[in-house]
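These are the residues of each chain, in order.
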Amino acid sequence: MAYDPDNIFAKILRGEANAHVVLDEEHCFAFMDLMPQSPGHTLIIPREPAENIFDLSDEGLAHLTATTRRVARAVKTALNPAGLMIAQLNGVDAGQTVFHIHFHVIPRYAGEGLTFHARTMADADELAANAARIRAALAP
Ligand code: AMP
């Protein structure tokens, strides 16, 4: 499948759709997942247009993984989860629903399960508050 420049993450990158932004840099961008699987679920994407891990350049992947680790550290600092899951899905059969490559950073809290993938919209105030806490943890 060819990359669709009108996918929702491409629109977010162009400023045509809103997001609770966590990080906005030359190579990568990060924002809160609108339908989080746990509080603090964050997405990290490259600016490079690529549908999945196989289409992304080596350089793009290096930036994306390094940025994902930085964001994961900030989520850990900001929200103090018991554990933290990092996921990346390739293709419909793997459960991918947005076809611009992204890493999921999903905090895990003691005794709490995950909600279903991409199912329930979170409260906007809660997303904004978590984004602010993660941004603060990313600040130099
Ligand atoms: P995947 O299924 O791996 O492609 O993940 C796509 C993720 O994007 C899901 O976790 C959705 O909840 C999330 N998502 C979909 N639309 C938006 C949006 N407009 N803003 C933020 N997250 C979104």
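Right above here is the structure, for reference.
Residues numbered from 1 in each chain as written. Predicted model: local features only at pLDDT ≥ 70, side-chain atom pairs only at ≥ 80, totals over all residues. Heavy atoms only, no water.

Some remarks on the overall build of the protein chain
What counts, and what does not: Under the DSSP-based scheme used, a helix requires at least four consecutive residues in state H or I and a strand at least two consecutive residues in state E, with every element numbered from the N terminus. The size measure is the radius of gyration over C-alpha atoms, and the globule rule it meets is 2.2 Å times the number of residues to the 0.38 power. Note on classification: 1.4 Å probe, protein chains only; a residue is buried when its accessible area is under 20% of the maximum for its type, exposed when over 50%, partly exposed between these limits. The contact criterion used throughout is that any non-hydrogen atoms of two residues lie within 4.5 Å. Note that accessible areas follow from Shrake-Rupley with a 1.4 Å probe, and for residues the cover is restricted to the protein chains shown. His is not counted here, nor are the chain ends, while Lys and Arg score as positive and Asp and Glu score as negative. Note on charges: their place is set at NZ of Lys, CZ of Arg, CG of Asp or CD of Glu.
Each helix and strand in the protein chain was counted, giving 3 helices and 5 strands. Traced from its N-terminal end to its C-terminal end, the protein chain shows the element sequence α-β-β-β-α-β-β-α. At 14 Å, the protein chain has a C-alpha radius of gyration in line with the 14 Å of a compact globule built from 140 residues. If one aligns the C-alpha atoms of the protein chain with their principal axes, the spans along those axes are about 40 × 35 × 25 Å. Residues classed as buried in the protein chain amount to 40% of the 140 residues present. In the protein chain, once contacts between residues fewer than 6 apart in sequence are set aside, the share between residues at least 24 apart is 63%. With an accessible surface of roughly 7600 Å², the protein chain has 54% of that area assigned to carbon and sulfur atoms. Across the protein chain, 11 positive and 17 negative side-chain charges occur, with their mean positions spaced 8 Å apart.

Thoughts on the nonpolar core
Convention followed: Residues belong to a common nonpolar core when they are buried Ala, Val, Leu, Ile, Met, Phe, Trp, Tyr or Cys residues joined through side-chain atoms within 4.5 Å.
In terms of nonpolar packing, the biggest core is built from 23 residues, with V22, L23, L64 and I134 touching the most fellow members. At 7 residues, the largest contribution of residues to this core is made by helix α2 (residues 58-79). Core analysis: the second largest hydrophobic core is formed by 8 residues, L13, F29, F31 and V98 among them.

Concerning the site of the ligand
Applied cut-off: The near set for a molecule or strand comprises every residue that places at least one heavy atom within 4 Å of it. Polar contacts here mean pairs of N or O atoms no more than 3.5 Å apart (in protein, one a potential hydrogen donor and the other a potential acceptor; neighbouring residues in sequence count only if both atoms are side-chain atoms). Under this grouping Gly is polar, as are all residues other than the nonpolar Ala, Val, Leu, Ile, Met, Phe, Trp, Tyr, Cys and Pro and the charged Asp, Glu, Lys and Arg.
Around the ligand, the surrounding shell holds 18 residues, and the nearest of these are D33, T97, H102, H104 and H117. In the model, an oxygen atom of the ligand is placed 3.1 Å from a nitrogen or oxygen of the G95 main chain. Taking H102, its side chain carries an N or O atom lying 2.9 Å from an oxygen atom of the ligand. Here the ligand, which alone exposes 510 Å², has 93% of that area covered by the protein. Counting residues per element, the ones that place at least two in the shell around the ligand are α1 (8-13) and β2 (28-32). Counting residues per element, the shell around the ligand draws most heavily on α1, which supplies 3 residues. Partitioning the shell around the ligand into residue classes produces 11 nonpolar, 6 polar and 1 charged.

Digging into unusual backbone geometry
The phi dihedral of N80 falls on the positive side, at around 50°, and the residue is not glycine. By the element assignment, N80 lies in the loop between α2 and β4 (83-87). The exposed category is assigned to N80, whose relative accessible area is 62%. Its identity as a non-glycine residue notwithstanding, A118 has a phi of 50°, on the positive side. Note that A118 resides in the loop between β5 (103-108) and α3 (124-138). In this structure A118 comes out as partly exposed when scored by relative accessible area, which is 33%.

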